[in-house]
Amino acid sequence: MRALITGGCGFIGSYLAEALLARGDTVTIVDDLSTGRFENIAHLVGLPGLEYAIETITNEAVMDRLASQCDIIYHLAAAVGVELVVRDPVHVLETNVQGAEVIFRVGARYRKKVVPASTSEVYGKGTRVPFSENDDRTLGPTTRSRWSYACSKALDEFMALAYYRQKSLPVVITRFFNTVGPRQSGRYGMVIPRFVRQALADEPITIYGDGKQSRCFAYVGDVVRAVVALADSPSAVGQVYNIGSTEEVTIEQLARRVITLSGSKSKLTFIPYDQAYEEGFEDMLRRVPDISKVRAAIGWEPVVDLDGILTRVIASMRA
Ligand code: UDP
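Draft legend 1. Examining the nonpolar core more closely. One finds Leu16, Tyr74, Ile192 and Leu254 to be the most contacted residues of the largest nonpolar core, which totals 59 residues. At eight residues, the largest contribution of residues to this core is made by helix H7 (residues 220-232). In contact with Tyr74, not counting residues within four places along its chain, are Ala3, Leu4, Ile5, Thr6, Leu16, Leu20, Arg23, Val115, Val227, Val228 and Ala231. If you look at the next biggest cluster of nonpolar residues, it comprises 24 residues, including Ala67, Ala160, Tyr163 and Leu169.

This is the structure we're talking about:
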């Protein structure tokens, strides 16, 4: 297969590129390096199957040519990270909405399967445990920038399904829950790289809110394995799949585990959401995926547990 990966220099995209190259696919990466980093793929550069273009996905002439030359488009380019979303909502909306418009248009022009990466943010502040693919979404007001991200990614999903139903474009929507591992940057707010960096420097661990909010963290290698298997599966076309871990941990417990596993002398510090993000910031208390659909489709289970993930992230940051 000839795969086109948008956002291939990003954290998840770079692992996807690695996995596809390892099985013999050719891979073309397109990334504007706005949040992605070239170092993420530096170890792949020079491999026979890899090409890359440093370009924005909103450049339709370039995307048209790249789409015409591939068999499948993994669309991972997006503005991500709650902190970035709050800081630069214009960039988020332009990238996530206009970018996706271009991808689906060129995908449809050449009838190439499109596998867009979506996010558990689309569930918003819904309180169901666990979240199933067809659950209602509950979003806060437009005056809170955080919700612009959820809205933009939900629009991507609507676009994907509209192209599938109306233009017979094959699409498979992958909805990622918190995905983590070595190479993830803490610059845009992600909690694990931030906590590990703080722990290794014996600095205070910054817990936002009261630390009782929980998340389920999945290892990026497990997530990528699900994406590739779903992309390969004809029966997944036109479907939405949650992909994530079901091992739930509160953010305070997470901080304590990072301290223990890294042997850090860090103390915990609690920072109100208003100070961490924006005035009136709304977080979700729990976010657990129902993964029965992806399990039934491809027999997928996450393999690396939270301790395994933290051990890898700590080792990689130390190195
Ligand atoms: N968080 C935190 N300290 C940090 C960064 C994040 O306590 O330095 C919290 C954040 O408020 C959220 C959770 O950790 O409740 C996960 O944050 P992340 O941005 O990694 O992912 P999210 O689930 O918000 O998309």
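Read on, since the account is not over.
Draft legend 2. The pattern of salt bridges, seen in detail. Counted under the stated rule, the structure contains 24 salt bridges. A salt bridge links Glu121 to Arg146; the nearest nitrogen and oxygen atoms lie 2.3 Å apart. Here Arg146 lies in helix H5 (residues 146-167) and Glu121 lies in the loop between strand S5 (113-119) and H5, a separation of 25 residues in the sequence. Between Glu203 and Arg197 there is a salt bridge whose closest N-O contact spans 3.6 Å. Assessed through its relative accessible area of 46%, Arg197 is described here as partly exposed.

Draft legend 3. Representation of the sheet that holds strand S3 (residues 50-54). Strands sit in the order S3-S2-S1-S4-S5-S6-S11 across an open sheet of seven strands; the sheet is parallel. Every interior strand has two partners, whereas the edge strands, S3 and strand S11 (239-243), have only one. Ignoring strand direction, the axes of neighbouring strands in this sheet form an average angle of 20 degrees. In this structure, strand S1 (residues 2-6) lies alongside strand S4 (residues 72-75), joined through four bridges in parallel fashion. Paired with Leu4 across the bridge in S4 is Ile73.

Draft legend 4. Region of interest: the packing of aromatic side chains. Applying the stated rule across the entire model yields nine aromatic pairs. Plain terms: the ring middles of Phe104 and Tyr163 are 5.8 Å apart, the flat faces sit at 20 degrees to each other, and that makes the pair stacked. With Phe104 in helix H4 (residues 89-110) and Tyr163 in helix H5, the pair connects residues that are 59 residues apart, well separated along the chain. Neither residue differs from the other here; Phe104 and Tyr163 are each classed as buried. On the numbers, 5.9 Å between centres and 40 degrees between planes, the contact of Tyr123 with Phe177 is tilted. Here Tyr123, found in the loop between S5 and H5, pairs with Phe177, found in the loop between strand S6 (172-176) and strand S7 (179-180); they are 54 residues apart in sequence, far enough to count as distant. Side by side, Tyr123 and Phe177 carry an identical accessibility label, which is buried.

Reading the values: the criteria
Residues numbered from 1 in each chain as written. Predicted model: local features only at pLDDT ≥ 70, side-chain atom pairs only at ≥ 80, totals over all residues. Heavy atoms only, no water. Core = buried A, V, L, I, M, F, W, Y, C linked by side-chain atoms within 4.5 Å. Buried < 20%, exposed > 50% of the residue type's maximum accessible area, 1.4 Å probe, protein only. Helix = DSSP H or I, 4+ residues; strand = E, 2+ residues; numbered from the N terminus. Contact = heavy atoms within 4.5 Å. Salt bridge = Lys/Arg side-chain N within 4 Å of Asp/Glu carboxyl O. Pairing = 2+ DSSP bridges. Axes fitted to C-alpha atoms, helices over the stretch in contact; angles between N-to-C directions. Phe/Tyr/Trp six-rings, centres within 6.5 Å; stacked < 30°, edge-to-face > 60°.

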